Amino acid sequence: MARWLGLALAIVLWEILARLNAGSFVIAGPIAVADYIYMNTGLLGRALGATFQAAVWGFLWGNLAACCLACLVVLFPRTERVVNVFALLVFCLPLVATGPILRVLYGPGAGPQITLAALAVYYTSYLALLVGLRAVPQSWMDLVQSYGRGSVTTLLQIRLRASVPYLIAALQIGAPVAFLGAMVGEFTGAERGLGVLTLRAMRGLDVDATWAIASIATAVSVLAFQVFGRLGDWLQTDRPTLLLSAAQTKNGPAAWQRVLTAAAIALLVVVVWQVLMDVFGLNRFFAKRPADVWTYLISGSNATAARETLFAALGQTLWLTFPGYFAGLLLGAGLAAAVVILPGVAAAILPVAVALRSVPIITTAPLIVLALGRGSLGTITIVAVMIFFPTLVACLQGLRQTPGQVHELFQTYAASRLRLLRLAQIPAMLPAFFAAARMAVPAALLAATTTEWLATGTGIGNLMALTASTSDYNMLWSAVVVLALIAMVFYMAVEVVEQKVLAVYASEQVRR
Amino acid sequence: MTRRDIECVDLAKTYESPSGQVDAVAPLTTTFTEGQTTAVVGPSGCGKSTILRMIAGLEAPSSGTLAIGAETPLALARRGALSMAFQDASLLPWRSVEGNVALGLKLARKPAAPEHVRKLIHMVGLAGFERSRPAELSGGMRQRAAIARCLVSEPELLLLDEPFAAVDALTRKRLNQELPRLWRDLGTTTLLVTHSVQEAVMLSDRILVLSARPACVVADLVTGSDAVSAQVEQALQEAA
């Protein structure tokens, strides 16, 4: 009941806001949106069909890749470090740049859309599946081992089935993301799809169309989210306790071993990049090799100028990404804590939060910039919005990790909710918070670069869009490399902070 | 030594812990005769389960040798001739009682035998619960399903790690009567870790009493006489 009330309230508020802002060309209300959809059913239906098809294929491929990687790591634990770095690196590749590169590689057709949808999905699924495949009591493993059976039997009889709740949760999160990936792919020169219509609507300042497409994309995402939720209920799977695991702390390798491993992996990445380009015989004009990027940024005659341009744009982007990133994290965690103190609020807020989490960033970015202007506030807000919802959901999940007996213990001392929150629930929430903070790093960069590309015309997002359109592939590939490295460095920095904090405040929850 | 005697020679286990080395099992030299049931009793945490886990091949001994006839524990397990019941029932939550019991056959690479599975479910007192999931059962019922699972493959070597702890008195009494008959019929070599002296006397042919950690044998008694319960009690008091 509270869910529907919250939804109805949101729609009424939306209509009121639209009427108050009539004539500002910023907000189209639900009535105008419904009218646009009714008048353009055929066009929107065809576009939705194309985007949906690409998203479904990408979703399937992405999850298949995630399953294969997770099974590989479980069967051969020594591969974990290398697989993790490769998986993270590919996840950190900026969609804004990989889109145009994929378009050139694939040519016309749905290839880039499907690939970007797969890329957007696979990392979360991989991490969740890895946690799921390992979330098996030791006694089950002992049982299989006592019959003399090995890791393949354990995988087939125990781990795969035990990971189903985690897979379902990952599919639930991944479905809206796949839709977003497919739409970004369509921005790169597809013939049809909701992404193509979004571009057209933005260029024509057609507010009704932009809001209608955003509404459709949101509805599809929410529907997909619900479908996988129902699938989980139907399969009677338990909800996973924690979807993304905490970073490893104790018993990890020594510092020198980590440096050596990192260097070996970096070398491996360069080799794989070079080999892939050569094996597929890709044209050197657009498919740049590691040496091309090195020459362009480091040893070439124009390297200094290239670096200046690139780092100036990067500076602009990071300047706006950080405040948005921290604001999103703080708001998400703060609201989750507030919801625990005032539990009645949760029932009304959460359905709206889930719906808003599913709104594809590429449809909201232009709308927020329209509302807040092309200055820094618009970009910071978009980054914060992008981070806020996943953090809120993860933190709420984390807050629920406090064991029931701890609640009862605090009750016996008549402790206040605030005290319970501070002493028991926040430490219990920390692993989920940090997992969200890690995943938010590439998401924040995606939000910032997408906004720069679509709306503000500044920063590295704009630089990548510009170089893609002018076929300056040296700069485009350099931007991809630098952004991916930056995302990885910040991801690892968050991991280091996580290790330090969890070792003190939640040592019992740390993965050893 | 016959083909399936378990021969332990100086079998010992030492753990590394943050506070230093922990001797869990002092060098143990003994033979568990084929077809016999041996109960292992001793104070909590003395290393009884560790001995069982080493025999099951779940933990490598720190020193000493272990042979089951001419085979290693792993070889025995690989031909489906070993099964173990753990302290925790370890039932797979997504399988029914029937499915969990049948898993014992599957893991032992033996053909499906639905009738045999049902017979054992009846024997452990779970008739009518064949289709129930573990979450629908009490702790004792889950433990009974686990006992049925380890019996279903008719193993040559059966390792029971306090499997009756959560089982109700009535079922325990019935199992205490039926299990020795079943083991005799199958010629199973059984090692039973238990806290109950009465159970040890009732189920086994021989009782090993272990000292507090590191476990070493303080009494090795043959059951059959009326005085054995008192002897075990006395040895346990001395061991503590």
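Refer to the structure above for everything that follows.
Definitions and cut-offs
- Residues numbered from 1 in each chain as written.
- Chains lettered and ligands numbered in written order.
- Predicted model: local features only at pLDDT ≥ 70, side-chain atom pairs only at ≥ 80, totals over all residues.
- Heavy atoms only, no water.
- Pairing = 2+ DSSP bridges.
- Helix = DSSP H or I, 4+ residues; strand = E, 2+ residues; numbered from the N terminus.
- Axes fitted to C-alpha atoms, helices over the stretch in contact; angles between N-to-C directions.
- Contact = heavy atoms within 4.5 Å.
- Buried area = accessible area lost by both parts, 1.4 Å probe.
- Salt bridge = Lys/Arg side-chain N within 4 Å of Asp/Glu carboxyl O.
- Polar contact = N/O pair within 3.5 Å; in protein donor to acceptor, adjacent residues only side chain to side chain.

A. Structural view of the sheet that holds strand β7 (residues 189-193) of chain B. All names here are of chain B. Judged by pairing direction, the sheet is mixed, and its 6 strands sit side by side in the order β5-β6-β7-β3-β8-β9 without closing on themselves. Of all strands in the sheet, those bounded by a partner on one side alone are β5 (82-85) and β9 (217-222). On average, adjacent strands in this sheet sit at an angle of 15 degrees to one another, irrespective of strand direction. Two strands pair when backbone bridges link them, and β5 and strand β6 (residues 157-161) are joined in this way by 4 bridges, in the parallel orientation. When the bridges of β6 are listed, Ser-83 appears paired with Leu-158.

B. Main features of the sheet that holds strand β4 (residues 63-68) of chain B. All names here are of chain B. The 3 strands lie next to each other as β2-β1-β4, forming an open sheet whose pairing is antiparallel. One side of each edge strand has no neighbouring strand; the edge strands of this open sheet are β2 (20-32) and β4. Taking each pair of neighbouring strands and ignoring which way they run, the sheet shows an average axis angle of 25 degrees. Each of β1 (6-17), β2 and β4 touches helix α1 (residues 48-55); the most contacted strand, β1, lies at about 115 degrees to it.

C. Structural detail: the pairing of β9(B). All names here are of chain B. Summarising the sheet, strand β8 (residues 206-210) and β9 pair through 5 bridges and their orientation is antiparallel. Residue pairing in the sheet places Leu-210 in a bridge with Val-217 of β9. Count of turn residues in the β8/β9 antiparallel hairpin: 6 residues.

D. Region of interest: the interface of chain A and chain B. Chain A puts 15 residues into the contact, and the matching count from chain B is 26 residues. Buried area between chain A and chain B, summed over both chains or domains, comes out near 1,800 Å², and the portion from carbon and sulfur atoms is 60%. For chain A, the biggest contributors to the area lost against chain B are Leu143(A), Tyr147(A) and Gln157(A); these three give 37% of the whole. At the junction of chain A and chain B, the tally comes to 1 salt bridge. For Arg53(B), the salt bridge is made with Asp142(A), and the minimal N-O distance between the two is 2.8 Å. On inspection of chain A and its partner chain B, the count reaches 6 residue pairs in polar contact (both at pLDDT 80 or more). Those elements that place two or more of their residues in the side of chain A that touches chain B are α7 (138-146) and α8 (151-162) of chain A. Residue contributions to the side of chain A that touches chain B peak at 7 residues, all from α7(A).

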